[in-house]
Amino acid sequence: MDKNHQMWSDLGMDLDKHDLLCAALPGAYGDVFLTQENRPQGMDYFNMVAADIHGIRPAELIQAQKEGRKVIGTFCVFVPDEVIIAANGIVTGLCGGSQFWVPEGEKVLPANTCPLIKASVGARLGRTCPYFRIADMFVGETTCDGKKKAYEILSEDVKMHIMHLPHGKRPQDIAAWDKEILDFVKVMEDFSGNKIDIDKLNQAIHIVNEKRKALQRLYNCRKNSCVPISGRDVLLIMQIAFFDDPERLTAQVNSLCEELEKRIKEDVSIAPKNAPRILITGTPMAVPNWKMHNIVETSGGIVVCEENCTGTRYFTNTVKENNKTMEEAASALTERYFNNIHCACFTPNPERIDDILRLAKEYQVDGILNVNLKFCNLYATENYFVERRLKEEGYKVLSLETDYEDSDAEQLRTRVSAFLEMIEANK
Ligand code: SF4
Ligand code: SF4
């Protein structure tokens, strides 16, 4: 048995089933990423991580566990990584982005649940993802109804902590989230056996801020009329950012940015100058969901920005550093994580539309794709306001609903191609 199979077997994984996933991924990856021309060299690191996605990082996590550290799995950008890091823990994002895991999730969930939830539950219960086996504890949050109830099912199989997210942004909601963060500090202290003091928390805030700044720098490169990197590649980097070591990722992204900034100076663009610039807004795109980016970028468009949780919502705004007390640090975390993340689970949520409009200007976009996962009621309903306002502001908007299956790919391609042609005709 090779090293990876031994590790997966020790994790209690279903090896036969998992082999099917391992057999399919390289082909899919090759088709989406390796067919691109003129990719930046800095993508080599991310190619390497993706090529052994269930080998290299899981082995590192297991080694860290042997050294006494806890691995914490999360599903949402509301859970503050800083608290986990301050307890000497390691964060790994757990959202499932493959159809491969969906049928297993459907064994316990209603079929009309969003694919992200079905895949996440399926990856754990089907024992076909090492990250879902390695994590010592999962941290969920009360965002949408599907997730809330799915966490109850997961809690029969794995230790879970749930953060209770208020669904408004009134002063009492802000105070409640402050308290939720301080409670989470206590949970992490008890679970890890490590006291979190203000110095450790400030240090963790700094580490995550540096990662955010690197990702902001990456996105800034896409604002230029010369686009030095494809949307597909940026999406991959964002997906890897959810589970890679934060300091290593920061260094890799910064070094890639040096190359991209040089490309901009030398006018080296990955896309033709007249390619329609597309902003994607909507629900998150968990690894290995590359479907929409691939369709847009193989139909003549270029994705220059994502207003979603695997995009700008993950890194926009930093957390105030050098806090004096735990209470001050909790407020600083609330300011960034609660006040400034505009998920459709809030009511009302007009700030998200303001964000889309601001980003559309900053990234000089020609059209907006509003892409939501099937059965996500929150985003589908909010779409009423999003589409109306964007159109009022003069933007060309196409709203699409999809899942992780390939069966609608051609239909989506037809609609996206018509949208891109319409943009080009009006340019
Ligand atoms: S869309 Fe909302 S619920 Fe989903 S990951 Fe983002 S913040 Fe969390
Ligand atoms: S996409 Fe929608 S339904 Fe799915 S987990 Fe996110 S908020 Fe919930």
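Okay, so let's go over this structure. (Residues numbered from 1 in each chain as written. Chains lettered and ligands numbered in written order. Predicted model: local features only at pLDDT ≥ 70, side-chain atom pairs only at ≥ 80, totals over all residues.)

1. Quick look at the overall build of the chain
We count it as follows: Strands here are runs of E lasting at least two residues and helices are runs of H or I lasting at least four, both read from the DSSP assignment and numbered beginning at the N terminus. What the globule rule says is 2.2 Å times the number of residues to the power 0.38, and the radius of gyration is computed from C-alpha atoms. Here a residue counts as buried when 20 or more other C-beta atoms sit within 10 Å of its C-beta, as exposed when there are 12 or fewer, and as partly exposed otherwise, the C-beta atoms being derived from the backbone. Note on contacts: residues are paired as contacts if their backbone-placed C-beta atoms lie within 7 Å.
A count of helical and extended segments in the chain gives 19 helices and eight strands. Taken over C-alpha atoms, the radius of gyration comes to 21 Å for the chain, in line with the 22 Å a tight globule of 427 residues would show. Overall, the chain is about 60 × 55 × 45 Å in size when its C-alpha atoms are taken along their principal axes. When the 427 residues of the chain are sorted by exposure, 49% land in the buried category. In the chain, 74% of the contacts between residues at least 6 apart in sequence involve partners at least 24 apart.

2. Description of unusual backbone geometry
With an omega dihedral of 5°, the bond running from Val-287 to Pro-288 counts as a cis peptide bond. Each neighbour pair has its own omega, and for Thr-347 with Pro-348 the value is -10°, a cis peptide bond. Mapped onto the secondary structure, Pro-348 falls in the loop between helix H16 (326–339) and helix H17 (350–362). With phi around 70°, Asn-317 is a residue other than glycine that occupies positive phi space.

3. Concerning the site of ligand 1
This is how it is decided: Think of it this way: take the backbone, place a C-beta atom on it, and check whether that atom is within 6 Å of the molecule or strand, in which case the residue is near it. Residue polarity follows a fixed list, in which Ala, Val, Leu, Ile, Met, Phe, Trp, Tyr, Cys and Pro are nonpolar, Asp, Glu, Lys and Arg are charged, and the others, Gly among them, are polar.
As a structural note, the neighbourhood of ligand 1 is formed by Cys-76, Val-77, Phe-78, Thr-143, Cys-144, Thr-283, Pro-284, Cys-309, Ile-341, Cys-343 and Cys-345. Its residues assigned to classes, the shell around ligand 1 shows nine nonpolar, two polar and no charged.

4. Quick look at the nonpolar core
Spelled out, the test is: Here a nonpolar core is just a set of buried residues of the types Ala, Val, Leu, Ile, Met, Phe, Trp, Tyr and Cys, joined wherever their C-beta atoms sit within 7 Å.
Core analysis: the largest hydrophobic core is formed by 129 residues, its most contacted members being Val-83, Leu-218, Ile-237, Ile-278, Leu-279 and Val-304. The dominant element in this core, judged by the number of residues it contributes, is helix H11 (residues 198–221), at nine residues.

5. A word on the sheet that holds strand E8 (residues 397–402)
Put simply, the rule reads: Strand pairing follows a simple DSSP-based rule, namely that at least 2 bridges must link the two strands. Axis definition: a line fit to C-alpha positions, over the contact stretch in the case of helices; interaxial angles, taken between N-to-C directions, run 0 to 180 degrees.
The four strands are arranged E6-E5-E7-E8 in an open sheet whose pairing can be described as parallel. Across the chains shown, the open sheet's two edge strands, defined by having one partner strand only, are strand E6 (302–307) and E8. Averaged over all pairs of adjacent strands, the angle between strand axes in this sheet comes to 25°, irrespective of strand direction. Set on the sheet, helix H18 (residues 377–392) makes contact with strand E5 (277–282), strand E7 (367–373) and E8; between it and E7 the angle comes to about 175°.

6. A look at the site of ligand 2
Close to ligand 2 lie Cys-114, Leu-116, Ile-117, Thr-143, Cys-144, Gly-146, Lys-147, Thr-283, Leu-373, Cys-376, Leu-378 and Tyr-379. Of all the secondary structure elements, the ones that give two or more residues to the shell around ligand 2 are helix H7 (115–125), helix H9 (145–154) and H18. Considered class by class, the residues forming the shell around ligand 2 number eight nonpolar, three polar and one charged.

7. Let's talk about the packing of helix H10 (residues 171–192) against H16
Any two packed helices are characterised by how steeply their axes cross, that is the angle between the axes, and by the distance between the axes. To be explicit about the condition: Should an angle lie under 35 degrees it is considered roughly parallel, over 145 roughly antiparallel, and from 65 to 115 roughly perpendicular; all remaining angles are considered oblique. By definition, turning the near helix anticlockwise from the far helix through less than a right angle yields a left-handed crossing, and turning it clockwise yields a right-handed one.
Between H10 and H16, whose axes approach to 9 Å, the crossing angle comes to 120°. Taken together, H10 and H16 sit at an angle that is classed as oblique. For the element pair H10 and H16, the recorded crossing hand is right-handed. Contact residues: Ile-174, Trp-177, Asp-178, Ile-181, Leu-182 and Val-185 in H10; Met-326, Ala-330, Ser-331, Leu-333, Thr-334, Phe-338 and Asn-339 in H16.

8. A look at the environment of Glu-247
Along the chain, Glu-247 falls in helix H13 (residues 246–265). Its 11 C-beta neighbours within 10 Å are what place Glu-247 among the exposed residues. Along the chain, Glu-247 and Lys-211 lie 36 residues apart, while their C-alpha atoms are 7.0 Å from each other.

9. What about the pairing of E5?
Strand residues, when the strand is regular, have side chains that alternate between the two faces of the sheet. Defined as follows: Consider the strands pointing away from the viewer: the crossover is right-handed when the path from the first strand over the helix to the second runs clockwise.
Among the six residues of E5, six are classified as buried, and the element is accordingly described as predominantly covered. Neither face of E5 is exposed, since Arg-277, Leu-279 and Thr-281 on one face and Ile-278, Ile-280 and Gly-282 on the opposite face are all buried. When E5 meets E6, the two strands line up parallel, connected through five bridges. Directly across from Ile-280, in E6, lies its bridge partner Glu-306. This β-α-β element, E5 to helix H14 (residues 291–297) to E6, shows right-handed connectivity. Sheet analysis places E5 next to E7, joined by five bridges and oriented parallel.

10. A few points about the packing of helix H3 (residues 43–51) against helix H12 (residues 231–241)
The geometry of H3 relative to H12 is characterised by a closest axis approach of 10 Å and an angle of 60° between their N-to-C directions. Viewed along their axes, H3 and H12 adopt a mutual orientation that is oblique. Crossing of H3 over H12 shows left-handed handedness. Two secondary-structure elements touch here, H3 through Met-43, Phe-46, Val-49 and Ala-50 and H12 through Asp-233, Leu-236, Ile-237 and Ile-240. The residue inventory of the contact of H3 with H12, partitioned by class, reads seven nonpolar, no polar and one charged.

11. Re the pairing of strand E2 (residues 90–93)
Burial of the side chains of E2 extends over both faces: Ile-90 and Thr-92 are buried on one face and Val-91 and Gly-93 on the other. For strand E1 (residues 71–74) and E2, the ladder comprises four bridges, and the chain directions are parallel. Of the residues in E2, the one forming a bridge with Gly-73 is Thr-92. Each parallel crossover has a hand, and for E1 linked through helix H5 (residues 81–86) to E2 it is right-handed.

12. Examining the environment of Ser-255
Position of Ser-255 among the secondary structure elements: in helix H13. In this structure the C-alpha to C-alpha distance between Ser-255 and Gly-42, which are 213 residues apart in sequence, comes to 7.0 Å.

13. Structural notes on the sheet that holds strand E3 (residues 137–141)
Pairing within the open sheet is parallel, and its four strands lie in the order E2-E1-E3-E4. The two strands at the open ends of the sheet, each matched to only one other strand, are E2 and strand E4 (160–163). Each adjacent strand pair in this sheet contributes to an overall mean axis angle of 30°, direction not counted. Of the strand pairs in this sheet, E1 and E3 are connected by three bridges, and their pairing is parallel. Among the inter-strand pairings, Thr-74 is bridged to a residue of E3, identified as Val-139.

The quantities given are spatial measurements derived from coordinates; they are silent on function.
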